Amino acid sequence: MSRPVTDGGREMIATKHPLDPMIRAERLPNIWCPGCGIGIVLAAYVNALTKSTKPHEKNVCISGIGCTGRIAGYLNLDTYHTTHGRAIPFATGMAVAKPDLEVFVIAGDGDISTIGGNHLIHAARRNVDINVIMVNNFNYGMTGGQHGATTPLNARTHTSPYGNVESPFNVPYLVSAAGASFVARWTALHVIQVTKAIKRMMEIKGFAFLEVLSPCPPTYGEYNGYPAALDMMKHFRERSVVDNGADLSTVSVATGADDRIVVGNFVDRKRPSYDELLTELQARTGKKSGALTEA
Amino acid sequence: MRRSGEVKVSATTTINKKNTSSGALKPGTYFMMGNFACVEAAIMAGCRFYAGYPITPSSEIFERACVRFPEVGGSAIEMEDEVASAAALIGASYAGSKAMTATSGPGFSLMMENIGLAFITEAPLVIVNVQRAGPSTGIPTLVGQGDMMQARWGSHGDLETIAYSPSSVQEFFDLTITAFNTAERFRTPVFVMADQVIGMMWERLKIPSIEGVEVLQRKVMDAKTRAKPFDYANDFIPMPIVGTGTNINVDSLTHDYRGYPSTDYTVSESMIGHLLGKIRRHAEEIWKWDGYLLDDAEELVVAYGSTARSALAAVKQARANGIKAGLLRLITPWPFPDAIIERYSRRVHNIVVPELNYGQIVHPVRENAQCPVIGINRAPGALMDPTTIVDALEVVAN
C-alpha cells in the first residue's frame, strides 16, 4: 500500500511495507474503526509468522464472524472465514485431517466464548493442537454494541442499557480448567508480549489460548467511559499488572477506573495432545491396515 | 436396478483406486445391517474422516466408523454436538479428506447452518440422515420421512441440494459410494436420506471387488497455476487444499472470483448463479429412479425409501385386484427429477404418493405432474401398510 511520508519537506512515497507479502495488501484499508485493537493483533500475528519455523504454506488462519473475524481475510495465507462461533470445530476437523498444519483461530470474544463457548471448552479438554487468539473488546462491536459473555457486570451496552446484570466469564480460568496446554492474557497495548506469546503458541503441542483485551471506542468505550481512541489504551497502561503465576480464579476482568487487569503467560504445561493420541490410536489399531478384513 | 442417470467420469474427475483398496471388506455376500453397510461403503469410497455425535437410529454408523476408520488409517472423532460435527467436516474436506457424518432429525436440524457454509464454500462432504419420527425429539427410534423438505430447504438462503434415498441395505451401500462420488464431482454437500427401517434392517449385501467400483476424486487446484480460485464461468472448479500453497481465502460471505467478500450485486448474482447452476445444469446426470410395471401402468405410485417397499407390495396386490398399477421409485429426491415425473404422468390417470409424513415430496410431484396427484400420508412411527396404498389405488382407479 502506498503511503506518503515527509522527509525534510519533500514528500516521499513508500510503495512497500516489509510485511506486505504476508498480507493481502490490495484489500486495505481494513474495515476496523479508528482506535480498534484488532489491527495490532493482526500485526503481532504477522510478525510472529515471519519467525515461524514452519513452511509458510503450513500456516492457516481460521476465523469466525464479527470484527475480529475479518482478520483471516487480510492474511496472505490459506484463510477461512467460517460461521459464527464455529471456527474452533472447523479448525479441529482440519487439524485432525492434516496434523502438519500450524492452525490459528483468531476471533472475537462473542464468537469464541459466547456463541462458541461450548466448542472452546471441548477443544481445550481434548487438547486439540490448535491455537486460539480471542480478541476481547467486551461487547459485540460489529452489530452495534450488545453485551456478551465477557461484558463486565454493570457495564452498559445496547442490550444492557441499565447496566449488565450478567457476570462475565473469566476466560483464562475457564480454559485452564478445561485443560489447555497454554493460556495467556495480554492487552492491545502489550505488542511485544502478544507477539512473543503467539510465537510460544506456535511451539506448543496442544491447545494454546491467548486473550487480547482491546479497546472498542465507538460502542463499548462510548458507553463505559472510554470514548476516545486512546482512552482504553491509557487505562490498560495504568491498570495492567503482569503476574504470570496469578491464581486464575482471581483474574476476572472489569473495566472500572480502579479495576486491576491481570495479564501474563499464565499456563505453559505439557499434556498429550489430541492428534498425538489419535496417531497413537491409529498405530495401535492400524496393524490390520492394508489387509482385507472379515465383517 | 440403477440403470438411469449414472454419474459418469468427466474431464473434471479422475479415478483413484489406489487409496481405496486398503482395508475395504473382501468382495462377497454378507448379511449386514444397513448402518454397517453404509460405513463399509464409505471406506470403499475413500472416506477417511468421520466427525459425529451419537443419535439413534444412526448410532451404529458412528460406532462402526470408530472401529473401522482407525484400521484403515482414518479418524473418527466425537464432537460436542452436531453443529461441531458439520463444521469439522468442512475443515477436514478442505484438508483434502473425504469426510462424512451420520445423524437423525434433531442432529440434522443443528447441522443446517454449516450445510450452508459447505455449500457456499463448495466443500464436498456426505451427511447421512437415518430419519426417525419427528417433530422435535419425536419417537426415538421409529421410522419417519419427515426431513425430506428440510434436506432441500433447511439451510437459509438459496441452496441446490443433492439427496439419495435408499430402499434396501444393498442400496444404502451403493448410494453411499455414489454420494461420495457426486460430492467430489460437484464440490458440494450430499445427503443420503435413509430412514430407521433401512438403517437398522439386516439384509443380504453383495460387496463388490474394489476394482469394479467407480471412485471419483475431486479436482485439486495447483498452487503454481492458480488464477481465479472461484471462476464462476466454470461449473467444476478445482479445489484449493489447505497447506499446499494456494493462499486462498475461503469465505462464508458472498465472495468474488478471488474469494474476497463483496457486497456488489453482480458478484452475488454470479456466485449464486454458479452455485445453483452447477447442479441444475447437470441435474439429469444426477437423477436416479427405478420403475416397476411402468409400461402399461394406468395408476402410478411414486415412493422412496422404506415406503417404496410397501409400495411395491401394494402395486403387486393392486395388479392381482385387476388395477394396472406401476411404481416409480425416486432414488434422487433432490435435485427433483421433474422431467421424469412429467413424462410418466402423461401416460397414467393418477399418481399416488405415499409418505411417512404429512405431505412433502407430494408437492414437487404435483408441481410437475400432468395428471391428478393424491398424497397418502401417515404419521411417522410405523412402516406404511401396503393395504393403505392398495385402498387408495382402488379409490382412484374406480
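Residues numbered from 1 in each chain as written. Chains lettered and ligands numbered in written order. Predicted model: local features only at pLDDT ≥ 70, side-chain atom pairs only at ≥ 80, totals over all residues. Heavy atoms only, no water.

Examining the confidence of the model for chain B
All names here are of chain B.
Turning to step 1, where the next piece is worked out: Model confidence for chain B is summarised by a mean pLDDT of 93, while 94% of its residues fall at 70 or above.
Turning to step 2, where the next piece is worked out: Throughout residues 1-21 the model reports pLDDT below 50, and contacts reaching past four residues in sequence, or to other chains, amount to 55 contacts.
Turning to step 3, where the next piece is worked out: Interface confidence for the predicted complex, expressed as ipTM, amounts to 0.93; the pTM equals 0.94. (pLDDT = per-residue confidence, 0-100. Contact = heavy atoms within 4.5 Å.)

Overview of the packing of aromatic side chains
Turning to step 1, where the next piece is worked out: Tallying each qualifying case throughout the model produces 12 aromatic pairs over all chains.
Turning to step 2, where the next piece is worked out: Look at Phe31 of chain B and Trp202 of chain B: their rings are 5.8 Å apart centre to centre, the planes differ by 35 degrees, and that puts the pair in the tilted class. With a gap of 171 residues between them, Phe31 of chain B in strand S2 (residues 28-33) and Trp202 of chain B in strand S10 (residues 202-207) connect regions that are remote in the sequence.
Turning to step 3, where the next piece is worked out: Ring centres 6.2 Å apart and planes at 55 degrees place the aromatic pair Trp334 of chain B and Phe336 of chain B in the tilted group. With respect to burial, Trp334 of chain B and Phe336 of chain B carry one shared label: buried.
Turning to step 4, where the next piece is worked out: The structure contains a cluster of three or more aromatic residues connected by ring pairs, namely Tyr80 and Phe90 of chain A together with Tyr94 of chain B.
Turning to step 5, where the next piece is worked out: A cation over an aromatic ring shows up here: Arg152 of chain B above the ring of Trp334 of chain B, its NZ or CZ 6.0 Å from the ring centre.
Turning to step 6, where the next piece is worked out: The ring of Tyr257 of chain B carries the charged tip of Lys228 of chain B above its face, separated from the ring centre by 5.7 Å. (Phe/Tyr/Trp six-rings, centres within 6.5 Å; stacked < 30°, edge-to-face > 60°. Helix = DSSP H or I, 4+ residues; strand = E, 2+ residues; numbered from the N terminus. Buried < 20%, exposed > 50% of the residue type's maximum accessible area, 1.4 Å probe, protein only. Lys NZ or Arg CZ within 6 Å of the ring centre and 35° of its normal.)

A closer look at the pairing of strand S9 (residues 189-195) of chain B
All names here are of chain B.
Turning to step 1, where the next piece is worked out: Counted residue by residue, S9 has seven buried out of seven residues, so it is predominantly covered.
Turning to step 2, where the next piece is worked out: Neither face of S9 is left uncovered, since the one carrying Pro189, Phe191, Met193 and Asp195 and the one carrying Val190, Val192 and Ala194 both have all their residues buried.
Turning to step 3, where the next piece is worked out: With seven bridges joining them, strand S6 (residues 125-133) and S9 adopt parallel strand pairing. The partner of Val126 across the bridge, within S9, is Val190.
Turning to step 4, where the next piece is worked out: Examined bridge by bridge, strand S8 (residues 162-164) and S9 share three bridges and lie parallel to one another. Bridged to Ala163 within S9 is Phe191. (Pairing = 2+ DSSP bridges.)

Focus on the domain arrangement of chain B
All names here are of chain B.
Turning to step 1, where the next piece is worked out: With domains assigned, chain B is organised as domain 1 (28-212) and domain 2 (290-397).
Turning to step 2, where the next piece is worked out: Taken together, the 29 residues of domain 1 in the interface contact 24 residues of domain 2.
Turning to step 3, where the next piece is worked out: Together, the buried faces of domain 1 and domain 2 total about 2,000 Å²; carbon and sulfur atoms form 57% of this surface.
Turning to step 4, where the next piece is worked out: Across the domain 1-domain 2 interface, the total number found is two salt bridges.
Turning to step 5, where the next piece is worked out: A salt bridge links Glu203 to Arg309; its shortest N-O distance comes to 2.6 Å.
Turning to step 6, where the next piece is worked out: Linking domain 1 with domain 2 are 18 residue pairs in polar contact (both at pLDDT 80 or more).
Turning to step 7, where the next piece is worked out: Of all the elements in the fold, those that place two or more residues in the side of domain 1 that touches domain 2 are strand S7 (139-143), helix H5 (148-153), S8, helix H6 (169-186) and helix H7 (196-200).
Turning to step 8, where the next piece is worked out: Ranked by residue count, the leading element in the side of domain 1 that touches domain 2 is H5, at four residues. (Domains from an automatic or database assignment. Buried area = accessible area lost by both parts, 1.4 Å probe. Salt bridge = Lys/Arg side-chain N within 4 Å of Asp/Glu carboxyl O. Polar contact = N/O pair within 3.5 Å; in protein donor to acceptor, adjacent residues only side chain to side chain.)

Things to note about the sheet that holds strand S3 (residues 59-63) of chain A
Turning to step 1, where the next piece is worked out: One open sheet accounts for nine strands, arranged S9(A)-S10(A)-S7(A)-S8(A)-S6(A)-S5(A)-S3(A)-S4(A)-S12(B); its pairing is mixed. A single partner strand is all that each edge strand has here, and the edge strands are strand S9 (240-242) of chain A together with strand S12 (249-251) of chain B. With direction set aside, neighbouring strand axes in the sheet form an average angle of 20 degrees.
Turning to step 2, where the next piece is worked out: Here strand S5 (residues 102-108) of chain A runs beside strand S6 (residues 131-136) of chain A; their pairing, made up of five bridges, is parallel. Each residue of the ladder has a partner; that of Ile106 of chain A, found in S6 of chain A, is Ile133 of chain A.
Turning to step 3, where the next piece is worked out: This element, helix H5 (residues 171-178) of chain A, spans S6, strand S7 (182-187), strand S8 (208-213) and strand S10 (261-268) of chain A of the sheet and lies at about 170 degrees to S7 of chain A. (Axes fitted to C-alpha atoms, helices over the stretch in contact; angles between N-to-C directions.)

Some thoughts on the confidence of the model for chain A
Turning to step 1, where the next piece is worked out: Mean pLDDT for chain A: 93, with 94% of residues reaching 70 or above.
Turning to step 2, where the next piece is worked out: Note on residues 289-295 of chain A: pLDDT is under 50 here. Beyond four places in sequence and across chains, it has 24 contacts.

Describing the pattern of salt bridges
Residues and elements named next belong to chain B.
Turning to step 1, where the next piece is worked out: Summed over the entire model, instances satisfying the criterion amount to 23 salt bridges over all chains.
Turning to step 2, where the next piece is worked out: For Glu342, the salt bridge identified is with Arg346, shortest N-O distance 2.6 Å.
Turning to step 3, where the next piece is worked out: Residue Arg346 is classed as exposed on the basis of its relative accessible area of 56%.
Turning to step 4, where the next piece is worked out: One salt-bridge network, in which partners are shared between bridges, spans Glu40, Arg64, Arg68 and Glu71.

A closer look at the interface of chain A and chain B
Turning to step 1, where the next piece is worked out: Taken together, the 48 residues of chain A in the interface contact 50 residues of chain B.
Turning to step 2, where the next piece is worked out: For the pair chain A and chain B, the summed buried area comes to about 3,900 Å², and 54% of that belongs to carbon and sulfur atoms.
Turning to step 3, where the next piece is worked out: Between the two partners, chain A and chain B, sit one salt bridge.
Turning to step 4, where the next piece is worked out: Here Arg126 of chain A makes a salt bridge to Glu80 of chain B, at a shortest N to O gap of 2.8 Å.
Turning to step 5, where the next piece is worked out: At the surface where chain A touches chain B, the tally comes to 23 residue pairs in polar contact (both at pLDDT 80 or more).
Turning to step 6, where the next piece is worked out: Listed by contribution, the elements that provide at least two residues to the side of chain A that touches chain B are strand S4 (78-81), helix H2 (87-97), helix H4 (117-126) and helix H9 (274-285) of chain A.
Turning to step 7, where the next piece is worked out: Top contributing element to the side of chain A that touches chain B by residue count: H2 of chain A, with seven residues.

Some remarks on the environment of Ala283 of chain B
Residue and element names in this part refer to chain B.
Turning to step 1, where the next piece is worked out: Positionally, Ala283 belongs in helix H9 (residues 283-286).
Turning to step 2, where the next piece is worked out: Given a relative accessible area of 10%, Ala283 falls into the buried group.
Turning to step 3, where the next piece is worked out: Taking C-alpha positions, Ala283 is 9.8 Å from Asp338, a pair spaced 55 residues apart along the chain.

Things to note about the packing of helix H10 (residues 305-320) of chain B against helix H13 (residues 386-397) of chain B
Residues and elements named next belong to chain B.
Turning to step 1, where the next piece is worked out: Where H10 contacts H13, the axes come no closer than 8 Å and their chain directions differ by 50 degrees. Our classification of the angle between H10 and H13 gives oblique. For H10 against H13, the interelement crossing comes out right-handed. Of the residues in H13, those in contact with Ser310, Ala311, Ala313, Ala314, Gln317 and Ala318 of H10 are Pro386, Ile389, Val390 and Leu393.
Turning to step 2, where the next piece is worked out: Each residue belonging to the contact of H10 with H13 can be placed in one class, and the counts come to eight nonpolar, two polar and no charged. (Parallel < 35°, antiparallel > 145°, perpendicular 65-115°, else oblique. Left-handed = near helix turned anticlockwise from the far one by under 90°. Nonpolar A, V, L, I, M, F, W, Y, C, P; charged D, E, K, R; others polar.)

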